[in-house]
Amino acid sequence: MNPRVVRALVNGVLIVVSAIVLFPLLWMLSVSFMQSGEASTFPPPLLSAHPTLANYETLFARAGMGRYLANSLAIATLMTLLSLAFNLSAGYAFAKLQFAGRERIFQVLLGALLIPLQVAMIPLFLLMKWLHLVNSYGGVIVPGMAGVFGIYLVRQYARSIPDELLEAARIDGAGEWKIFLRIVLPLLKPIVVTLAIFTFLASWNDFMWPLIVLSDQNWQTAPVALAALSREHVQDNELMMAGSVVTIVPVLLLFLVLQRHYIQGLLLGSVKG
Amino acid sequence: MAWTFVSPALLVIGVFFGLPVVAAFALSLTDFDLYALADLKNLRFVGLSNYLDVLQTPLFWKSLLNTTYFVVVGVPLSIGASLGAALLLNSPLTRCKGLFRTALFAPVVTTVVAVAVIWKYLFHTRYGLINYVLGYVGIGPIDWLGDAHYAMPTIILFAVWKNFGYNMIILLAGLQGVPQELYEAARIDGASAWQAFRHITLPSLRPVLLLVGIITMAGYFQLFAEPYVMTLGNPLQSTYSVLYFMYEEGFTWWSLGRASAIAFLLFALILVATRVLLRVARRNGEEA
């Protein structure tokens, strides 16, 4: 075949596939600006004849979406900060510090990755109830403060830190925590960003556990509230699309800004393992 | 000293994951229910009867069948889509690779619930765009999410769209690791593009494909949010998954003992399926 034809074909297929993949997201955006009932006509219009912000107004004024988004934001932010503190220190120790049983403990942690999270969910719910953390931010955040995947990610990255650097600091009489905070953390900056965006996105998008532990509307996250809304307002497509937009756009923007770090983490977490 | 670094994280994982997993097994051997929730004195040890009970419940087998359908069809489709996209992105002829990669990856970072809401509308029988487009080629309106034949395929299609970007990135990295000299040599020997793919690309990707297959399969066995939002497990319970069953037993009916047994059955199933996949991969590896 003529190389120019092949090139056109390859790029053409990619353009068509990308358009199909992105279409649902673009259409969601378009429908969210339609008048109530406009999207329930046949054939469905691609763009609104009379764009309106009414769906967003209803969403925030009557469906209380502002509250749910604030809950999501608070939970994802706190979860990210806490899990950075826990996973960075642990991951660094597994990579660079000596302590009894280090390798064995790490093997056990990796083995635990095989167990689906849902196996723990029922006793975890009882534990949260006993700790009075059901229907509070703590109920979602506390179990996710540390994670094997995060520790693994940090360990993989921290292994590249030269031992001589740490030895030199020890000879100068610096304490281990001082070395960690002053010398190691700045070197770990790329993985900090990666871990932060991973944790934030995972927390924001999480569904099953928040659904279980946040039954009270006041504490619900955006995905949990959106699921409830979609089960009630089956007919109101324009409103539902607006709800999807405000749930998706924050994480999509975050990803677009930091995608290099996100993809790096994805590869570090799987291929090089 | 090192312990001050690791013990906080180990404590969290131990108390909020390790302990609950052990407790889940203990719980699965009791009749923990609403009465026990009110007063622990009502709790009784029942041995394996939760497991036997669940295994005799038709709805469990139905949910298992549905979940298996989702995994058996969904995993190969997802990985196939990922591989196809990765090959296109890896082609030296492709322009604007970064842009395409971002576009194809975007669904991965979206919220399952929110995009499930979009798909529910796209596949709406009367107003959905899918039926409108199909109408052009003479296919009558299909009740995608309301017909027991089409509901699970629609959810599978959704899962492929949502997830293929993740493995695409991993496979793309795998493709970039294949030595270019091999392709050079094949070209000189007069091999066709298909032969090069069959005898160079696929064998080189085997370890990555196996890894991706195991991770995707384990994830797909945990189907829950999609049917919860799109179909409520219906029509005729054709999209009711094992985890959905566990969720309802546990948090609708508060049969926490039974729900724990279901969770362990699912775990066992994932372990067995992983072993089978590893064994098949090893056997094929020896033949090649």
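Residues numbered from 1 in each chain as written. Chains lettered and ligands numbered in written order. Predicted model: local features only at pLDDT ≥ 70, side-chain atom pairs only at ≥ 80, totals over all residues.

*Asks:* Would you mind going over the overall build of chain B with me for this structure?
*Replies:* Helix and strand counts for chain B stand at 13 helices and 0 strands. For chain B, the spread of C-alpha atoms along the principal axes amounts to about 80 × 65 × 40 Å. Expressed as a percentage of its 288 residues, the buried residues of chain B come to 41%. (Helix = DSSP H or I, 4+ residues; strand = E, 2+ residues; numbered from the N terminus. Buried ≥ 20, exposed ≤ 12 C-beta atoms within 10 Å, placed from the backbone.)

*Asks:* Any chance you could explain the overall build of chain A here in plain terms?
*Replies:* When its secondary structure is counted, chain A shows 13 helices and 0 strands. When its helices and strands are written in sequence order, chain A yields α-α-α-α-α-α-α-α-α-α-α-α-α. Rg of the C-alpha trace for chain A: 23 Å, well past the compact-globule value of 19 Å for 273 residues, more than 25% over. A principal-axis box enclosing the C-alpha atoms of chain A has dimensions of 75 × 70 × 35 Å. Taken across its 273 residues, chain A has 42% of its residues classed as buried. For chain A, contacts bridging at least 24 residues in sequence account for 78% of all contacts bridging at least 6. (Rg over C-alpha atoms; globule rule 2.2 N^0.38 Å. Contact = placed C-beta atoms within 7 Å.)

*Asks:* Help me understand helix α10 (residues 193-220) of chain B in this model?
*Replies:* Given 3.6 residues to a turn, an α-helix orients residues that are three or four positions apart in the same direction. Residue and element names in this part refer to chain B. With 28 residues, α10 extends only 33 Å from end C-alpha to end C-alpha; this falls clearly short of the ideal 40 Å at 1.5 Å per step. Taking the largest bend as the criterion, α10 deviates by roughly 55 degrees, centred on arginine 206, and proline proline 207 comes between one and four positions later. Looking at α10, one finds that the buried residues are Val208, Val212, Gly213, Thr216, Met217 and Tyr220. (Expected span 1.5 Å × (residues − 1). Bend = angle between axes of the 7 residues up to and from the residue.)

*Asks:* Hey, could you run me through the packing of helix α4 (residues 58-90) of chain B against helix α12 (residues 242-251) of chain B in this one?
*Replies:* Two measures define how a pair of helices packs: the angle their axes make with one another and the distance between the axes. All names here are of chain B. Where α4 meets α12, the axes come as close as 7 Å, and the angle between the chain directions of the two elements is 145 degrees. Between α4 and α12, the residues in contact are Leu59, Phe60, Ser63, Leu64 and Thr67 and Val242, Tyr244 and Phe245, respectively. Split into classes, the residues belonging to the contact of α4 with α12 amount to 6 nonpolar, 2 polar and no charged. (Axes fitted to C-alpha atoms, helices over the stretch in contact; angles between N-to-C directions. Nonpolar A, V, L, I, M, F, W, Y, C, P; charged D, E, K, R; others polar.)

*Asks:* Would you take a moment to explain the nonpolar core for this structure?
*Replies:* What tends to happen in soluble globular proteins is that the nonpolar side chains get buried as a cluster. Residue and element names in this part refer to chain B. Val113, Ala116 and Ile262 are the most contacted members of the largest nonpolar core, which has 158 residues in total. A total of 14 residues in this core trace back to one element, the largest contributor, which is helix α8 (residues 151-176). Residues in contact with isoleucine 262, not counting those within four places in the same chain, are Val54, Val242, Phe245, Met246 and Glu249. (Core = buried A, V, L, I, M, F, W, Y, C linked by C-beta atoms within 7 Å.)

*Asks:* Any chance you could explain α12(B) here in plain terms?
*Replies:* Across the 10 residues of α12(B), 8 count as buried, placing the element largely inside the fold. Of the positions making up α12(B), those classed as buried are Val242(B), Leu243(B), Tyr244(B), Phe245(B), Met246(B), Tyr247(B), Glu249(B) and Gly250(B).

*Asks:* I keep staring at the confidence of the model for chain A and nothing clicks. Help me out?
*Replies:* Any segment with low pLDDT has predicted coordinates that should not be analysed in fine detail. Considering every residue of chain A, the mean pLDDT works out to 91; 98% of them sit at 70 or more. Mean pLDDT across the elements of chain A bottoms out in helix α13 (residues 237-270) of chain A (90) and peaks in helix α3 (residues 65-96) of chain A (96). (pLDDT = per-residue confidence, 0-100.)

*Asks:* Help me out: how do you make sense of the interface of chain B and chain A in this one?
*Replies:* Counting residues at the interface gives 68 residues for chain B, matched by 71 residues for chain A. Here the side of chain B that touches chain A gets 14 residues from one element, more than from any other, and that element is helix α1 (residues 3-28) of chain B. Its residues placed into classes, the side of chain B that touches chain A shows 57 nonpolar, 9 polar and 2 charged.

*Asks:* Just checking my understanding: could you explain the packing of α3(A) against helix α10 (residues 189-205) of chain A for this structure?
*Replies:* Residue and element names in this part refer to chain A. Axis separation between α3 and α10 bottoms out at 8 Å; the angle between their running directions is 140 degrees. By the criterion of interaxial angle, the relationship of α3 to α10 is oblique. The two elements α3 and α10 meet at a crossing, and its hand is right-handed. Judged by residue contacts, Ser72, Ile75, Ala76, Met79, Thr80, Ser83, Leu84, Asn87 and Leu88 of α3 engage Val192, Leu195, Ala196, Thr199, Phe200, Ser203 and Trp204 from α10. (Parallel < 35°, antiparallel > 145°, perpendicular 65-115°, else oblique. Left-handed = near helix turned anticlockwise from the far one by under 90°.)

*Asks:* Explanation requested: the environment of Ser215(A) in the structure shown.
*Replies:* Residues and elements named next belong to chain A. Of note, serine 215 is situated in the loop between α11 (208-213) and α12 (222-232). By C-beta crowding, serine 215 is classed as exposed, having 12 other C-beta atoms within 10 Å. Sequence-wise, serine 215 and alanine 227 are 12 residues apart; in three dimensions their C-alpha atoms are separated by 12 Å.

*Asks:* Just to check I follow, could you spell out unusual backbone geometry for this structure?
*Replies:* Of all residues except glycine, most have a negative phi; of all peptide bonds, most are trans. Here the bond from Asn234(B) into Pro235(B) is cis, since omega is -10 degrees, no more than 30 degrees from zero. Its location among the elements puts Pro235(B) in the loop between α11 (225-230) and α12. One non-glycine residue, Asn135(A), adopts positive backbone phi at about 60 degrees. Residue Gln237(B) is not a glycine yet carries a positive backbone phi of 55 degrees. Among the secondary structure elements, Gln237(B) is positioned in the loop between α11 and α12. Here Gln237(B) falls in the partly exposed class, since 19 other C-beta atoms lie within 10 Å of it.

*Asks:* Even after reading the chapter, I still don't get the environment of Asn90(B), so can you show me in this structure?
*Replies:* Residue and element names in this part refer to chain B. Structurally, asparagine 90 can be placed in helix α4. In sequence terms asparagine 90 and valine 112 are 22 residues apart; their C-alpha atoms lie 28 Å from each other. For asparagine 90, the residues in contact, after removing those within four places along its chain, are Leu172, Leu175 and Gln176.

*Asks:* How should I be thinking about the confidence of the model for chain B in this particular structure?
*Replies:* Across chain B, the average pLDDT comes to 91, with 99% of residues at or above 70. Note on the complex model: pTM 0.93, ipTM 0.91.

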